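Here is what each chain is made of, one letter per residue.
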Amino acid sequence: MSVIGIIGGSGLESLDGLAVTQRKQVATPYGEPSSVLTFGTYADKQIMFLARHGDDHSILPHKVNYCANLAALQQAGATHVIAVCAVGGIRADMSPGSISIPDQLIDYTCSRRHTIYEDARDYAAHIDFTEPYCAALRVQLIAAAQKAGVDVITSATYGATQGPRLETTAEINRMDRDGCHIVGMTGMPEASIARELELCYAVIALSVNYAAGRAAGSIEMQDIEATLKQGMGRVRSVLAEVLADMPAT
Ligand code: HPA
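Since we're looking at a predicted model, the values are computed, not measured.

Peer 1: Got a sec to walk through the pairing of strand 3 (residues 37-42)? Specific residues and values, please.
Peer 2: Of all six residues making up strand 3, five are buried, and the element is well covered by its neighbours. With five bridges joining them, strand 3 and strand 4 (residues 45-51) adopt antiparallel strand pairing. Bridge pairing in strand 4 places Phe-39 opposite Met-48. Counting the residues in the hairpin turn of strand 3 and strand 4 gives two residues, including Ala-43, whose phi is positive at 50°.

Spelled out as structure tokens, the structure:
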């Protein structure tokens, strides 16, 4: 049985079309999650939704309590988590508006609580992370996008940066050399904590700008916001389709 939790990022603070049945504040051993969990029906499926940056988008990427967010979803019964992330495009085809389903990541973040484990005697701490995303859920997302008629790039390496500032051109050049195709500030430690909690986790990444130095001029927030607004409709179509195809819970 799959119980789906959705983590909405920038531009997806709430899920239009979610028929809300309950809102619940969940306490976790790691502290408060970013928002209450919203339970409801979406595409005829019972799901739960959490706003990564808070309901009013007040929590910056480096301040998000990733452990609490994932633990809250798990405590509420989620088995699968679909996370929506806004990213910058490094590779030329990751142009603003494009959607990708990453299959690899590189972590450049620092100073974030990045694990639920504290004690060297806990051998479970050394999770396997060879494939950082849940393969089965990725396949479902790609199939759902096809059904929804939404173009998605089916493989991408996500570079997670600390933020909140954007990167320099030299940093993006280095990430490019490292093999990153997209860059965002929230993909880690979200993915690894999900794995620690044994949640099946995958990401829908919406490119909202070209990364630093990949387009002429500076990166403007109003352009990012316009692309977010325009792109989230297609992200919602993929979400609706993937849920429609999930077995009823
Ligand atoms: N860099 C890092 N994070 C981002 C970007 C970017 O260019 N765009 C959206 N999130």
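Peer 1: Provide a residue-level description of the site of the ligand, including the pertinent values.
Peer 2: Taken together, Ala-86, Val-87, Gly-88, Leu-166, Glu-167, Val-183, Gly-184, Met-185, Val-208 and Asn-209 make up the full set of residues near the ligand. Separating a nitrogen atom of the ligand from a side-chain N or O atom of Glu-167 is a distance of 2.8 Å. Residue Asn-209 places a side-chain N or O atom 2.6 Å away from a nitrogen atom belonging to the ligand. In isolation the ligand offers 260 Å² of accessible surface; the protein chains occlude 91% of this area. For the shell around the ligand, the secondary structure elements donating two or more residues are strand 5 (80-89), strand 9 (182-184) and strand 10 (200-210).

Peer 1: How would you sum up the packing of helix 2 (residues 135-148) against helix 5 (residues 221-244)? Please name residues and give values.
Peer 2: Helix 5 packs onto helix 2 with a crossing angle of 110° between their chain directions and a minimal axis gap of 8 Å. The orientation of helix 2 relative to helix 5 falls into the category roughly perpendicular. As helix 2 packs across helix 5, the resulting crossing turns out to be right-handed. Counting all contacts with helix 2, which are made through Gln-140, Leu-141, Ala-144, Ala-145, Lys-147 and Ala-148, the residues of helix 5 involved are Ser-237, Val-238, Glu-241 and Val-242. Of the residues belonging to the contact of helix 2 with helix 5, the class tally is six nonpolar, two polar and two charged.

Peer 1: Go over the nonpolar core with me, naming the residues and quoting the values.
Peer 2: Counting residues in each nonpolar core, the largest one holds 38 residues, and the members touching the most others are Leu-70, Leu-73, Tyr-158 and Tyr-201. Within the residue set of this core, elements represented by two or more residues are strand 3, strand 4, helix 1 (66-75), strand 5, strand 8 (157-160), helix 4 (190-196) and strand 10. A total of six residues in this core trace back to one element, the largest contributor, which is helix 1. Not counting residues up to four positions away in its chain, the partners in contact with Tyr-158 are Cys-85, Val-87, Pro-102, Gln-104, Leu-105, Ile-106, Tyr-133, Ile-182, Gly-184, Met-185, Thr-186 and Gly-187. Of all hydrophobic cores here, the second largest spans 35 residues; its members include Ile-47, Leu-141, Val-208 and Val-235.

What counts as what
- Residues numbered from 1 in each chain as written.
- Predicted model: local features only at pLDDT ≥ 70, side-chain atom pairs only at ≥ 80, totals over all residues.
- Heavy atoms only, no water.
- Buried < 20%, exposed > 50% of the residue type's maximum accessible area, 1.4 Å probe, protein only.
- Helix = DSSP H or I, 4+ residues; strand = E, 2+ residues; numbered from the N terminus.
- Pairing = 2+ DSSP bridges.
- Near = heavy atom within 4 Å.
- Polar contact = N/O pair within 3.5 Å; in protein donor to acceptor, adjacent residues only side chain to side chain.
- Areas by Shrake-Rupley, 256 points an atom, 1.4 Å probe, with all protein chains shown as cover.
- Axes fitted to C-alpha atoms, helices over the stretch in contact; angles between N-to-C directions.
- Parallel < 35°, antiparallel > 145°, perpendicular 65-115°, else oblique.
- Left-handed = near helix turned anticlockwise from the far one by under 90°.
- Contact = heavy atoms within 4.5 Å.
- Nonpolar A, V, L, I, M, F, W, Y, C, P; charged D, E, K, R; others polar.
- Core = buried A, V, L, I, M, F, W, Y, C linked by side-chain atoms within 4.5 Å.

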